[in-house]
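Read off the chains here:
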Amino acid sequence: ITAKKSALFLQSIIGTGVLQSPVFTKQPGSIVYPVETVENREVVFSCEAQGSPPPVYRWKLNGTEISPRSGSHYSLSGGNLRISHLNKDHDAGTYQCLASNSFGTIVSREASLTFAYLENFKTHKRSSVSVREGQGVVLLCGPPPHSGDLVFSWIFNEYPTFVKQDTRRFISQETGNLYIAMVEPSDVGNYTCVVTNTVTKSRVQGPPAPLVLRSDGVMGEYEPKIEVQVPEVVHVAKGSTVKLECFALGNPVPSINWRRVDGVPFPRKVDMRKASGVLEIPYFQQEDAGTYECVAENSRGSNAAKGKLSFYAPPHLIEKPQEAQKLIDDSLVWECKATGKPKPSYRWMKNGENLEAAEERVQVADGALSISRLTLSDAGMYQCVAGNKHGEVYSNAELRIIAVAPDFSHNQLRSQTLVRVGGDVLIECKPKMSPWGVISWRKGSEALQESNRVSVLDSGNLRVWNATQSDAGLYTCVARNQFGVASSTGSVTVKEPTSITTLPSTLDITVGESVVLPCQVSHDPSLELKFTWFFNEQLIHFGSHGGFFEKVGGQHSAGDIMIRNIQLRHAGKYTCAVQTKVDSISIAADLVVRGPPGPPTSVHVEEITDTTASLSWRPGPDNHSPITAYTIQARTPFSLGWQAVTTVPEVVGGHRLTATVIDLSPWVEYEFRVLASNAVGTGEPSKPSKQARTKGTSPKVTPANVSGGGGSRSELVITWEPVPEELQNGPGFGYVVAFRPHGSTGWMQAAVPSPETSKYVFKNESIQPFSPFHVKVGVYNNEGEGPFGPVTNIYSAEEEPGRAPTRVRAKSLSASEMEVWWKALPWNASKKRVLGYELRYWSGSEREDTASVQKTVGNQTSTVIRGVKGSSTYCISVRAYNTAGTGPPSAAVNVTTKKPHYIELGVLYKKNRHSRLNLALPTDEDYIIQIKPFGEGGEGSSSRQITIPRIPGPNAVGSASKVSTLSALSTIALSFTARTSL
């Protein structure tokens, strides 16, 4: 078949979209067959594949193809292989199914056919086994020839009495032997090994083995001897269950224990309660691999046996080749990766046969297949086979090689290509064709003339450099290969270039101002412009950014923007990018924003004394305006926020980075911060320095408002305002109280060590009442003594008055008032001053100790008591008082208050339930008013009493809520509101 016909054939196959390469839907599995049923039975290996055309099947046995012929015991049913009249010598082996159609051949996984059987024991009699009591013994089974897994058991004497396994007796499922760790008299008898094939289910019995006791004594105790040992290495498949056997003879009966040599504890999946002679590990994984030890122990000693479990896993594909369609001369790379232990090896097959890399262009390396310069002969079915000694896995993929005439239907030339004068343009020509052919170009109807500006590239694309108006026109790309020719046409239009007429600039702006950034262009009027702005190479999204940016370019050739209320963060590079369909250009402007300085940094207290602190700092950014001055502020626990401080120099210039703060208070914790200023303003403050405490010194401030007096007999009471903590100048602050009687030259002193104390009491029985003292209060702390404050005169405690007032009289002025008179006590220098008088009054129904008290001040000899009840008798006593207390009471006098006047008012009612009543009352009388409602249902409850005291004038006014004295009125005005429950 010619190459052209082959290409057309492949095109027709691909174009139909119906045909399919073979894919297995069912693959054969291994079979174990019982040999006893061979004469009349058969086996069937399944194999099924999808494909169009339908696949044709073949089979191989041990790599050799089987030919099912008429009369042969091999036959095919679809893809299934049926084998009748089985022969274990000829039919056992490895089978593989091959499925083929016009796309290629694939091979199934391997499937084995094995025959299970169990022959009879050859020996018909066994010799007696003679042992001492207490000795261990091993009875050998010696199973007959077989195929398939076996299960062993032992009959004791007669069926169905089977030997029960325990810590003393053990049957190995590896060898079939019976182990008795320590023989007892009850063990004497005949033992028969029973072998069962798990596949054929057949069972055979060996000859009985008699066990007899020797008569020459009992076996003494001895240490364990391990008879069933763990194999040196056991290979275990991932996910399988492994059983390790271990058993020992010994007297006493040994105990069997298991452990991992590396000390790792057994996982929960291992049931240690069952682990004695057999350790079973289900779902074996990589972490279960290691060395295991069986320890047999009794009172005579111990012995151990070790064995290693080695993990293996058959291959598992994790990366498979995928179906590929390639053009002639293309390259192919397929990756195939699998996991497994040991690490899998790889081989590739093509159409059911191993792929040999006979040509240099075909390379196989570590599972990867690469083929360069593909030809039609490379098409077919490929299989990656990953395998290790525990199995193989297959992965299929089809390679299709496409041969096609040139075709532009999916890749036409661009109908119009725009380019600016002086620009470069690439016209792509990408037809679909296989193999790749020859590309040529026409301009208009003539063959294209190449020059130093116009060139056809190796890829077939056309490149034009430094375009001119003469390059405009129609261009046609023509593609040819051995299967045909095709062409595609497009036009080139040359436009005038775009240019920005605004010159690059640097703008200098102050914080808070607004600025317009211009972007004016000249361009081909037939092209649309697109303006894009960038700030520090980041696109500006107008309408966001806090509303600072706004487009203000009003004309189609202007892209100006405005930045409103500029902030320091807006400083940087602004780029205006202008784009058309044929070109793009940009211009940049640098915006310098001047603002107050940034906060200084690294403020440190370098040295501190009792009243000064030396500071240093580092300047913050000057924000494009030189720093002219620094301001220092301080804060203490006692100040209200940050306060300005005095510095040396008084004005800290912008070039200085140090200053000394003066006039600080000793022994106070200070924080300092620095603010920088420039021509624009004062910036944000620095972070505070670490707290620093000024050194202590002796105190300088004395307490204020030193005073005193009063107290008890023989006391001198001295009080003052404590000195605030910030003025105490150091720890251990206290007061020195000095005092002396008038006329004395020596001072008595007392130390008060608590800085919060504001009072000192000196008590001495020799102090006369109300004696004058000179008093001064000084201060001290741990650094030394401070000054005393000014001297103040303070009197000692005085005695209470010694006599009672005389000639006490009283009379009732009204129902709520009574007036009291008395004779004053003489005011003399007897140390018993009278500061005023205290009146006590109580009604006849009250006790004296509940009496009300009213005081007068000075030498007053009469007073009026108000607010008493009418028609009531009161007892009144008077006594003098001073700072020491009250003197003896006078004899009590009695007085009866006047009877109140009652006036009955008429009933008033208004629709709005609010009434007002004016009463004309005589003056110089007390009045008590109550309001009581009446209705058809009878009287209601009275209101609270309204007291109108005696008014020394012609008029009085009262209301239910308050009473006012208004001399201009001649009546009492009452306002009240009536309510019902309706």
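Just above sits the structure.
Here is what the cut-offs are and how they apply
- Residues numbered from 1 in each chain as written.
- Predicted model: local features only at pLDDT ≥ 70, side-chain atom pairs only at ≥ 80, totals over all residues.
- Heavy atoms only, no water.
- 1 Å grid on protein atoms, 1.4 Å probe; cavity = no way out; pocket = protein on both sides within 12 Å on 5 of 7 lines; lining within 4 Å.
- Points joined across faces, edges and corners; volume = space filled by probe spheres on them.
- Helix = DSSP H or I, 4+ residues; strand = E, 2+ residues; numbered from the N terminus.
- Nonpolar A, V, L, I, M, F, W, Y, C, P; charged D, E, K, R; others polar.
- Pairing = 2+ DSSP bridges.
- Axes fitted to C-alpha atoms, helices over the stretch in contact; angles between N-to-C directions.
- Buried < 20%, exposed > 50% of the residue type's maximum accessible area, 1.4 Å probe, protein only.
- Contact = heavy atoms within 4.5 Å.
- Disulfide = S-S within 2.5 Å.

**Section: empty space enclosed by the protein**
In step 1: The final tally for this structure, using the stated rule, is two cavities of 30 Å³ or more.
In step 2: Estimated volume of the largest cavity: approximately 90 Å³.
In step 3: Contributing to the lining of the largest cavity are Thr-502, Leu-503, Pro-504, Ser-505, Leu-507, Leu-517, Pro-518, Trp-533, Tyr-574, Ile-587, Ala-588 and Ala-589.
In step 4: Taken together, the elements giving at least two residues each to the lining of the largest cavity come down to strand E49 (505-510) and strand E57 (584-594).
In step 5: Considering every element that reaches the lining of the largest cavity, the biggest residue donor is E57, with three residues.
In step 6: Grouping the amino acids of the lining of the largest cavity by side-chain chemistry returns 10 nonpolar, two polar and no charged.

**A word on the sheet that holds strand E75 (residues 806-812)**
In step 1: Strands sit in the order E75-E76-E79 across an open sheet of three strands; the sheet is antiparallel. What marks the edges here is a single partner per strand, and that holds for E75 and strand E79 (862-866). Direction aside, the axes of adjacent strands within the sheet are offset by 20° on average.
In step 2: With five bridges connecting them, strand E76 (residues 817-823) and E79 associate as antiparallel partners.

**A short note on the pairing of strand E77 (residues 836-843)**
In step 1: Burial of E77 is extensive: seven of the eight residues sit out of reach of the surface.
In step 2: As judged from the eight bridges shared by E77 and strand E80 (residues 873-882), these two strands associate in the antiparallel manner. Paired with Ser-843 across the bridge in E80 is Tyr-874.
In step 3: Relative to strand E78 (residues 852-855), E77 runs antiparallel, the two sharing four bridges. When the sheet's bridge partners are listed, Leu-839 is paired in E78 with Gln-854.

**Some remarks on the environment of Ile-662**
In step 1: Considering the arrangement of structural elements, one finds Ile-662 in strand E64 (residues 658-662).
In step 2: In this structure the C-alpha to C-alpha distance between Ile-662 and Thr-609, which are 53 residues apart in sequence, comes to 9.5 Å.
In step 3: In this view, Ile-662 contacts Thr-611, Thr-612, Thr-646, Thr-647 and Val-648; residues no more than four positions away in its chain are not counted.

**Points about the state of the cysteines**
In step 1: The tally for this structure, following the rule as stated, stands at six disulfides.
In step 2: A disulfide bridge connects Cys-47 with Cys-97, and the sulfur atoms are separated by 2.0 Å. Classification of the bridge connecting Cys-47 and Cys-97 rests on its S-S torsion, roughly -75°, and on that basis the disulfide is left-handed. Of this pair, Cys-47 sits in the loop between strand E3 (42-45) and strand E4 (48-52) while Cys-97 sits in strand E9 (residues 93-101), placing them 50 residues apart in sequence.
In step 3: Judged by relative accessible area, Cys-47 falls into the buried class, the value being 2%.
In step 4: Shown here is the disulfide that connects Cys-336 with Cys-384, its sulfur atoms set 1.9 Å apart. Looking along the S-S bond of the Cys-336-Cys-384 disulfide, the torsion reads about -85°, which is the left-handed sense.

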